Amino acid sequence: DTPLTGVATYNVVPLKAGNFFNKIQCFCFEEQRLRAHEEVDMPVFFFLDPEMLEDPGMHDVNQITLSYTFFKSVAEETDLDAMAAEAAARAEEALVQARKEALAR
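Keep in mind it's a predicted model, so treat the numbers as computed, not measured.

> Sorry if this is basic, but what is going on with the pattern of salt bridges here?
Working definition: two side chains of opposite charge can pair if their charged atoms are close together. Enumeration over the complete set of coordinates arrives at two salt bridges. Between Asp 60 and Lys 16 there is a salt bridge; the shortest N-O distance is 2.8 Å. Of this pair, Asp 60 sits in the loop between β4 (44-48) and β5 (65-72) while Lys 16 sits in the loop between β1 (4-13) and β2 (21-26); the two residues are 44 residues apart in sequence, bridging distant segments of the chain. The class for Asp 60 is exposed, based on a relative accessible area of 57%. Given the relative accessible area of 33%, Lys 16 is considered partly exposed. Between Arg 35 and Glu 38 there is a salt bridge whose closest N-O contact spans 3.5 Å. The exposure class assigned to Arg 35 is exposed, which follows from its relative accessible area of 60%. For Glu 38, a relative accessible area of 27% translates into the label partly exposed.

In structure tokens form, the structure reads like this:
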């Protein structure tokens, strides 16, 4: 029911296929901001290096699975907004106090 900012990490199985997996563009390159109940498509563009076909260690690979895990960011934007608002309020208080002290001189 609340917005979420997070980042994704990817995994390629079998692990040995990861050497041939090349991402061109991926949503996982940057943090993603999702509104509450929002549904989004998160594209990824990749290719498998053709050298994979020549590698004897890959001859038993018939399937490659690409998966992602989405993690909540350590500092969510809502937290950053609250921190920024608090810092601005403190700065304003300090400015008011400095003006009062300057006028008292």
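> How do you make sense of the side chain of Ser 73 when you look at a structure like this?
Within the secondary structure, Ser 73 is located in the loop between β5 and α1 (77-104). Here Ser 73 is in contact with Thr 5, Gly 6, Val 7 and Glu 31, once residues within four sequence places are set aside.

> Sorry if this is basic, but what is going on with the environment of Arg 33 here?
Residue position: Arg 33 is located in strand β3 (residues 32-34). Taking C-alpha positions, Arg 33 is 8.9 Å from Val 7, a pair spaced 26 residues apart along the chain. Within the local environment of Arg 33, its side chain forms a polar contact with the side chain of Thr 5, the two groups lying 2.9 Å apart.

> Would you mind going over the state of the cysteines with me for this structure?
Per the counting criterion, the structure on display carries one disulfide. At a sulfur-sulfur separation of 2.4 Å, the disulfide partner of Cys 26 is Cys 28. Disulfide Cys 26-Cys 28: the torsion about the S-S bond is 125 degrees, which places it as right-handed. Cys 28 matches Cys 26 in its accessibility class, with the two residues each being buried.

> I tried to follow the sheet that holds β1 on my own but got confused; where do I start?
Strand pairing in a sheet relies on backbone hydrogen bonds. The paired strands run either parallel or antiparallel. Strand order in the open sheet made by the three strands is β3-β1-β5, with antiparallel pairing throughout. Lying at the two open borders of the sheet, with one neighbouring strand each, are β3 and β5. When the angles between neighbouring strand axes are averaged without regard to direction, this sheet yields 40 degrees. Examined bridge by bridge, β1 and β5 share eight bridges and lie antiparallel to one another. Each bridged residue has a counterpart across the sheet, and for Tyr 10 the counterpart in β5 is Tyr 68.

What counts, and at which threshold
- Residues numbered from 1 in each chain as written.
- Predicted model: local features only at pLDDT ≥ 70, side-chain atom pairs only at ≥ 80, totals over all residues.
- Heavy atoms only, no water.
- Salt bridge = Lys/Arg side-chain N within 4 Å of Asp/Glu carboxyl O.
- Helix = DSSP H or I, 4+ residues; strand = E, 2+ residues; numbered from the N terminus.
- Buried < 20%, exposed > 50% of the residue type's maximum accessible area, 1.4 Å probe, protein only.
- Contact = heavy atoms within 4.5 Å.
- Polar contact = N/O pair within 3.5 Å; in protein donor to acceptor, adjacent residues only side chain to side chain.
- Disulfide = S-S within 2.5 Å.
- Pairing = 2+ DSSP bridges.
- Axes fitted to C-alpha atoms, helices over the stretch in contact; angles between N-to-C directions.

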